[in-house]
Amino acid sequence: DHGKFRDVITFTINRFIFCGDPRVGVAKFSCPTCDKSVFVPFSCKTRLFCPSCHEKRILVWVEEIKNNFLLPVHHRFWTFSIPKRLRPYFKYNRKLLGFLIQVANTTFKKYLALNGKRAVGCIALFQTHADTLDWNPHLHIIATDGFMDYEDLTNPIFHTSAYWNTAKMTEIFSLEIIK
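Residues numbered from 1 in each chain as written. Predicted model: local features only at pLDDT ≥ 70, side-chain atom pairs only at ≥ 80, totals over all residues. Heavy atoms only, no water.

> Could you clarify how one ought to interpret the overall build of the protein in this entry?
Helices and strands together make up the secondary structure of the protein, namely five helices and eight strands. In sequence order, the protein lays out its α and β elements as α-β-β-α-β-α-α-β-β-β-β-β-α. In terms of overall size, the protein is more extended than a compact globule, its C-alpha atoms giving a radius of gyration of 21 Å where 179 residues would be expected to give roughly 16 Å. When the backbone C-alpha atoms are referred to their principal axes, the protein occupies close to 60 × 50 × 25 Å. (Helix = DSSP H or I, 4+ residues; strand = E, 2+ residues; numbered from the N terminus. Rg over C-alpha atoms; globule rule 2.2 N^0.38 Å.)

This is how it looks when you write it as structure tokens:
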């Protein structure tokens, strides 16, 4: 009913069960001044499963994104979801998930009528479930609030989009998914 049971699921659950368990291993931190030591159990570092580890990873990742990748312009957060009737295709053929990023990128390009020298800056994340853990493949995207014009590579210019017509973007995204 839910597709192939992937090995990563068993691996993730087993790591989570022993998250913070000192029997699995600890790191020792010692103060060179006072000789006080603290033992800290290893964490599981599982992807999107352990609330504690996930939160730590997200906070580190967000700082890295802010400091190293985002352009110094305004950004927007977008969610691109596919219709319920199409979700089973993505459930049983997970390679189609990469296709969602292409469709979202095409949606931005068509909506803003961008050519090869203009681009929207995007960082996209897949999520394959909703809050209720049902199958719901969708994208979370941090995108520039407009586009960069690279006509003159020595002096790129950012153009803010004054208005985003989400109904029009939804229509473009839907047609691109079906196409």
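> Even after reading the chapter, I still don't get the pattern of salt bridges, so can you show me in this structure?
When charged atoms on two side chains of opposite charge get close, those side chains can pair. Inspection of the entire model under this criterion finds six salt bridges. Here Lys-66 ties to Glu-63 by a salt bridge, and the two come within 3.1 Å at their closest N and O atoms. Of the two residues, Lys-66 and Glu-63 both sit in helix α2 (residues 51-68), three residues apart, roughly one turn of that helix. Judged by its relative accessible area of 38%, Glu-63 is partly exposed. Of the charged contacts, one joins Asp-145 and Arg-76 as a salt bridge, the two residues approaching to 2.6 Å between their closest N and O atoms. With Asp-145 in the loop between β6 (135-144) and β7 (146-149) and Arg-76 in strand β3 (residues 75-81), the pair connects residues that are 69 residues apart, well separated along the chain. The class of Asp-145 is buried, set by a relative accessible area of 10%. Salt bridges sharing common partners tie together Lys-110, Glu-176 and Lys-179. (Salt bridge = Lys/Arg side-chain N within 4 Å of Asp/Glu carboxyl O. Buried < 20%, exposed > 50% of the residue type's maximum accessible area, 1.4 Å probe, protein only.)

> Hey, could you run me through the sheet that holds strand β4 (residues 118-119) in this one?
Two modes of strand pairing occur in sheets, parallel and antiparallel, and in both the strands are linked by backbone hydrogen bonds. Judged by pairing direction, the sheet is antiparallel, and its three strands sit side by side in the order β4-β7-β8 without closing on themselves. Edge positions in the sheet fall to β4 and β8 (157-160), since each of these pairs with one other strand and no more. The pairing of β4 with β7 spans two bridges and is antiparallel. Each bridged residue has a counterpart across the sheet, and for Arg-118 the counterpart in β7 is Asp-149. (Pairing = 2+ DSSP bridges.)

> Please clarify how a nonpolar patch on the surface should be interpreted in this entry.
Where nonpolar side chains cluster on the molecular surface, the patch consists of Ile-13, Phe-16, Ile-17, Phe-18, Val-24 and Phe-49 and spans about 530 Å² of accessible area. Looking at the element boundaries, Phe-18 is found in the loop between α1 (7-17) and β1 (26-30). (Patch = residues over 30% accessible without salt bridge, like charges linked within 9 Å, V, L, I, M, F, W, Y side chains within 5 Å. Areas by Shrake-Rupley, 256 points an atom, 1.4 Å probe, with all protein chains shown as cover.)

> Would you mind showing me how to read the sheet that holds strand β5 (residues 122-129) here?
Taking strand neighbours across the sheet as the criterion, the three strands line up as β3-β6-β5 in an open arrangement whose pairing is antiparallel. With partners counted over all chains shown, the strands left at the sheet margins are β3 and β5, one partner each. Here the average twist between neighbouring strands, direction ignored, is 20°. Bridge analysis of β3 against β6 gives seven bridges, and the strand direction is antiparallel. Opposite Phe-80, over in β6, you have Leu-139 as the bridge partner. (Axes fitted to C-alpha atoms, helices over the stretch in contact; angles between N-to-C directions.)

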